[in-house]
Amino acid sequence: MDTPAVEVTDLVKRYGDVTAVAGLSFTAARGAVTALLGPNGAGKTSTIEICEGFRRADAGRVRVLGLDPVRDSRALKPRVGVMPQSGGVPTGVRAGEWLRLMAALHARPVPPEALLERLGLSAVERTPFRRLSGGQQQRLSLAAAVIGRPELVFLDEPTAGLDPQARMATWELIGDLRAAGVGVVLTTHYMEEAERLSDHVVIIDHGRVVADGPTSDLTRGGQELRFRTRTGLDVSALAAALPAGCAVAEHGAGHYTVTCADPAGPSPGLVATVTTWCAAHDVIPEDLRVHRRTLEDVFLELTGRDLRN
Ligand SMILES: Nc1ncnc2c1ncn2[C@@H]1O[C@H](COP(=O)(O)OP(=O)(O)OP(=O)(O)O)[C@@H](O)[C@H]1O
């Protein structure tokens, strides 16, 4: 039971001339949420689909619950839940019917009615899949992924297009899976969601890992003090009033940041020094706040601001 949920080593996937995954390695633990993040086309879905056994790798090694996803697919099927990015459900089948069918494939399923209720699908139980709204289809697909009480689930953009209520219900379900010891590997483009849900983050760009670590480690440090006021403050005069190792810059008209080398972030004393200086110079520091580095800051620092094709 000590094998990780997922182990990917030097994975390569090519589609003709396109190298979608270019030597990617990461590990996902059991009982933890691992988020694979990356810009469009970074190689996340390709990686997940190889782990699910739906695609073959061109090179590298993948182990899922210690097994080979292609060779051992029969042994893995009852132990791994999969929520694909889209599709996976026949369009004419009714929601309840599909879940009962999925339940029948497992030895100890969650009662389908309980899952329909939990994910707000009871009222559409008799509706064919193609007539469900996009969000309802997503939720049905999530229900099907977890109905067999899997040890590991792959969720490819589980909350894309969901309304806030459905997103919250999905987060709660993911939290419960984690608490029950299930390994969760998910992709999302919502950085706030990844920060909130995941224990571990793997950021992928151009098919390679550009950051990999506990979510709290990736966002540690980098705190700064921000405020806005009139443009053209004498930033060198302000900097001179601050403790050694602190710097001040104006970003855009009238937006100021004060950064310090202290890894603990801005101290109460620093806030007092800035406000005292402002008072002495007849400046009101509007929206003064300590800005903590977010996962979105880290993501943009590492992957840049250019749109991907
Ligand atoms: N079946 C395929 N045939 C050809 N190219 C493909 C195929 N599937 C994916 N690709 C290409 O491989 C690259 C990686 O795609 P992939 O879907 O793995 O990225 P992703 O990170 O999941 O993107 P997104 O965030 O947009 O879902 C892209 O350039 C994509 O166009």
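Residues numbered from 1 in each chain as written. Predicted model: local features only at pLDDT ≥ 70, side-chain atom pairs only at ≥ 80, totals over all residues. Heavy atoms only, no water.

The name recorded for the protein chain in an unreviewed UniProt entry is ABC transporter, from Thermobifida cellulosilytica TB100.

S.K.: Which parts of the structure should I look at to understand the state of the cysteines?
M.R.: Defined simply, a disulfide is a covalent bond joining two cysteines at their sulfur atoms. Scanning the entire structure with this criterion turns up one disulfide. Between the sulfur atoms of Cys246 and its disulfide partner Cys260 the distance amounts to 2.1 Å. The chirality of the disulfide connecting Cys246 with Cys260 is right-handed, given an S-S dihedral of about 105°. Of this pair, Cys246 sits in strand β11 (residues 246–250) while Cys260 sits in strand β12 (residues 255–260), and the two are 14 residues apart along the sequence. (Disulfide = S-S within 2.5 Å. Helix = DSSP H or I, 4+ residues; strand = E, 2+ residues; numbered from the N terminus.)

S.K.: Help me understand the site of the ligand in this model?
M.R.: If you check the shell around the ligand, you find 14 residues, and the closest are Gly41, Lys44, Thr45, Ser46 and His189. Between the ligand and Asn40, the relevant distance is 2.9 Å, taken from an oxygen atom to a side-chain nitrogen or oxygen of the residue. Notes on the ligand: free accessible area 640 Å², of which the protein chains cover 64%. Per element, the largest residue contribution to the shell around the ligand is three residues, and it comes from helix α1 (residues 44–51). Classifying every residue of the shell around the ligand gives four nonpolar, seven polar and three charged. (Near = heavy atom within 4 Å. Polar contact = N/O pair within 3.5 Å; in protein donor to acceptor, adjacent residues only side chain to side chain. Areas by Shrake-Rupley, 256 points an atom, 1.4 Å probe, with all protein chains shown as cover. Nonpolar A, V, L, I, M, F, W, Y, C, P; charged D, E, K, R; others polar.)

S.K.: For this particular structure, what's the right way to read the environment of Asp217?
M.R.: Mapped onto the fold, Asp217 is located in helix α8 (residues 215–218). Residue Asp217 is classed as partly exposed on the basis of its relative accessible area, which comes to 41%. (Buried < 20%, exposed > 50% of the residue type's maximum accessible area, 1.4 Å probe, protein only.)

S.K.: Please explain the pattern of salt bridges as it appears in this structure.
M.R.: Pairing is possible between side chains of opposite charge, provided their charged atoms come close. One pass over the full model with this rule turns up 16 salt bridges. For Glu49, the salt bridge is made with Arg55, and the minimal N-O distance between the two is 2.6 Å. The exposure class of Arg55 is partly exposed, given its relative accessible area of 32%. Between Arg228 and Glu286 there is a salt bridge, with the nearest N and O atoms lying 3.3 Å from each other. Note that Arg228 is positioned in strand β10 (residues 224–228) and Glu286 in strand β13 (residues 286–291), a separation of 58 residues in sequence. By relative accessible area, Glu286 is classed as partly exposed at 38%. Through salt bridges with shared partners, a single network forms among Arg30, Arg79 and Glu151. (Salt bridge = Lys/Arg side-chain N within 4 Å of Asp/Glu carboxyl O.)

S.K.: Even after reading the chapter, I still don't get the layout of surface pockets, so can you show me in this structure?
M.R.: Space left empty within the atom packing is revealed by a probe, the size of a water molecule, rolled over the atoms. Roughly 720 Å³ of internal volume is contained in the largest pocket. In this structure, the largest pocket is lined by 32 residues; those nearest its centre are Phe54, Lys77, Val80, Gly81 and Val82. Where the lining of the largest pocket is concerned, the elements lending two or more residues are α1, α2 (73–76), β5 (80–83), α3 (95–104) and α5 (134–146). Counting residues per element, the lining of the largest pocket draws most heavily on α1, at four residues. For the lining of the largest pocket, the residue count by class is 17 nonpolar, 10 polar and five charged. (1 Å grid on protein atoms, 1.4 Å probe; cavity = no way out; pocket = protein on both sides within 12 Å on 5 of 7 lines; lining within 4 Å. Points joined across faces, edges and corners; volume = space filled by probe spheres on them.)

S.K.: Got a minute to help me understand the sheet that holds strand β1 (residues 6–15) in this structure?
M.R.: Read across the open sheet, the three strands follow the order β2-β1-β4; overall the sheet is antiparallel. Strands at the two margins of the open sheet, each flanked by one partner only, are β2 (18–28) and β4 (59–64). Each neighbouring strand pair of the sheet contributes to a mean axis angle of 25°, computed without reference to strand direction. (Pairing = 2+ DSSP bridges. Axes fitted to C-alpha atoms, helices over the stretch in contact; angles between N-to-C directions.)

S.K.: In this structure, what is going on with the packing of aromatic side chains? I would like to understand it.
M.R.: The geometry of an aromatic ring pair comes down to the distance between the two centres and the angle between the two planes. Using the criterion set out here, one finds one aromatic pair in the structure. Aromatic side chains Phe227 and Tyr256 sit 5.3 Å apart centroid to centroid with 20° between the ring planes, which places their arrangement in the stacked category. Here the residue Phe227 occupies a position in strand β10, and Tyr256 occupies one in strand β12, the gap between them amounting to 29 residues. (Phe/Tyr/Trp six-rings, centres within 6.5 Å; stacked < 30°, edge-to-face > 60°.)

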